[in-house]
Each structure stands twice: as structure tokens, then as C-alpha cells.
Amino acid sequence: MNAIRHERPRDSARIDSVILAAFGSMDEVKLVQLVRARGEAVLSLVAERDDEIIGQALLTPIILKPAWPAPLRLFGLGPISVAPEYQRAGVGSSLMHAAIEESRTLEADAIFLLGDPGYYERFGFRETHIGNEYGVTREFMVLELREKCLRDVRATAHYVAAFGEAGA
Ligand SMILES: CC(C)(COP(=O)(O)OP(=O)(O)OC[C@H]1O[C@@H](n2cnc3c(N)ncnc32)[C@H](O)[C@@H]1OP(=O)(O)O)[C@@H](O)C(=O)NCCC(=O)NCCS
């Protein structure tokens, strides 16, 4: 049985192993460790099966530059990972749906992510006119939880500094 729940302090090492196995590199592990050490996660969800952690999704705050006058609560989703032996069985989708629902509960206006449109469009993410630090176009996507909240915004979205520091 898969269950999605919030990360707990004793989960850290097992989460790091899942991320390393899924990405095959330490960059994303270092990123999640930095965010954890700085207490910058707005949400860290884990997927658990038979008491084993098999997936994780992280949400961090997104800041607009230049600062936008209207108050907007923006999250960045990622990294998300599922242990290779459990991929393609719906665990990633469960994490995505839970991340979106929890973001609604936290009254986020929109969620950004950087990823393959072929995967994330199924969850409602779409291309956005909001700029990003990475200079990518189609892969930088948004899900507006409050409809049209970004319509007039002209700004660039910035992740917390850990993203640049970890090389992820
Ligand atoms: C991306 C990831 C989290 C998806 O988890 P998952 O549990 O395999 O996802 P699900 O089982 O819910 O969905 C699988 C579907 O997504 C598709 N999919 C998975 N990764 C994809 C990608 N990068 N691009 C496009 N489609 C992708 C699969 O083809 C499959 O499609 P199907 O349902 O039509 O067969 C997982 O593959 C993973 O950990 N990948 C390595 C880390 C990574 O690249 N993370 C994303 C960037 S932060």
C-alpha cells in the first residue's frame, strides 16, 4: 500500500538514498539537504510503502524579481523522485496530486516547476510567461491555483539560493 505523508526528522537518510537512486547524482541530494538544514521547505512529502520510503517531493518558496506589489504566495515544486524499482506505478502521480492539494490548503496562488511538459501537463501545469533564472521556455511551467492570478505579472521567478548552490 502506498501512503503519502509529511517528511519527519528521522526520514532524512532514507529520503537522500531515494533521491540519489532516482537521479543518479548527488546534486539533488545536496539541494534537499541544504533546504532541510535551512528550514526552507514549505512542504516535503514522502511516499511510503510497507514502512519504506520510496519517493519524495519538495516544495520551496518562489520569489518574484522585481518584487510584485500584489501579495502572491508562490511555490516551486521539485525535485520529485521515486526509487527506480517503484517507478511507473503511479507513485509519482500520487506525490504530485498530494503536493497540489497541500499547496491549496496552504493557500498558494500558483506552483511553478521545471520539468518535462509530457509528464507535468497531465497534472494541469502549463507553459508560463513568467521568466525564470535558467533561461528555459517550455520546461518552466505553472499551475495557477487561483485563476488568472499571474495574468498581469511581469517578473522573473527565483528559487531559494540552495538551488544555485547545489548545482541541481
Ligand atoms: C519523474 C518521476 C518522479 C515519475 O514518477 P513515477 O512514479 O514513475 O510516475 P508515475 O508512475 O505516476 O507516472 C509514470 C508516467 O510518467 C511518465 N514519465 C515519467 N517520467 C517522465 C519524464 N521525465 N518525461 C515524460 N514522461 C515521464 C512515464 O512514461 C509514465 O507514463 P505512462 O503513465 O503514460 O506510462 C520518476 O520517474 C523519477 O523519479 N525520475 C527520476 C527523477 C526525475 O527526473 N525527477 C523529475 C525532475 S525533478
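Nothing here was measured: the structure is a model prediction, and the numbers come from that model. (Residues numbered from 1 in each chain as written. Predicted model: local features only at pLDDT ≥ 70, side-chain atom pairs only at ≥ 80, totals over all residues. Heavy atoms only, no water.)

Attention shifts here to the overall build of the protein. Looking only at helices and strands, the protein has five helices and 10 strands in total. Over its C-alpha atoms the protein spans a radius of gyration of 15 Å, differing by no more than 12% from the 15 Å that the globule rule assigns to 168 residues. In the protein, which comprises 168 residues, the proportion classed as buried is 45%. Within the protein, contacts between residues at least 6 apart in sequence are counted, and of these 67% link residues at least 24 apart. In the structure as shown, the protein presents an accessible area of about 8600 Å², 50% of it carried by carbon and sulfur atoms. (Helix = DSSP H or I, 4+ residues; strand = E, 2+ residues; numbered from the N terminus. Rg over C-alpha atoms; globule rule 2.2 N^0.38 Å. Buried < 20%, exposed > 50% of the residue type's maximum accessible area, 1.4 Å probe, protein only. Contact = heavy atoms within 4.5 Å. Areas by Shrake-Rupley, 256 points an atom, 1.4 Å probe, with all protein chains shown as cover.)

A few words on the site of the ligand. Neighbouring the ligand are 17 residues; Val82, Arg88, Gly90, Gly92 and Ser93 lie closest to it. Between the ligand and the protein, one listed contact pairs an oxygen atom with a side-chain N or O atom of Gln87 at 3.4 Å. Within the backbone of Ala89, an N or O atom sits 3.1 Å from an oxygen atom of the ligand. Within the complex, the protein chains bury 68% of what would otherwise be the 880 Å² of accessible surface of the ligand. A majority-of-atoms criterion places the ligand in the largest pocket. Elements with a contribution of two residues or more to the shell around the ligand: helix H1 (12–23), strand S5 (74–82), helix H3 (91–105) and helix H4 (117–120). Looking at the shell around the ligand, the element that brings in the most residues is S5, giving four residues. Of the residues assigned to the shell around the ligand, the class counts are nine nonpolar, five polar and three charged. (Near = heavy atom within 4 Å. Polar contact = N/O pair within 3.5 Å; in protein donor to acceptor, adjacent residues only side chain to side chain. 1 Å grid on protein atoms, 1.4 Å probe; cavity = no way out; pocket = protein on both sides within 12 Å on 5 of 7 lines; lining within 4 Å. Sits in = over half its atoms within 2 Å of the grid points. Nonpolar A, V, L, I, M, F, W, Y, C, P; charged D, E, K, R; others polar.)

A separate point is the pairing of strand S6 (residues 110–114). The buried fraction of S6 amounts to four of the five residues, a majority that puts the element mostly inside the structure. Note that S5 and S6 share four bridges and pair parallel. Pairing of Leu74 across the sheet is with Ala110, part of S6. By the bridge criterion, five bridges tie S6 to strand S9 (residues 140–144) in an arrangement that is antiparallel. The residue bridging Leu114 from the neighbouring strand is Phe140, located in S9. (Pairing = 2+ DSSP bridges.)

Another point: the pairing of strand S2 (residues 43–49). Side chains on a regular strand alternate between the two faces of the sheet. The element S2 is largely enclosed, with a buried count of six among its seven residues. With five bridges joining them, strand S1 (residues 2–6) and S2 adopt antiparallel strand pairing. Residue Ala3 lies in a different strand from S2, and its bridge partner there is Glu48.

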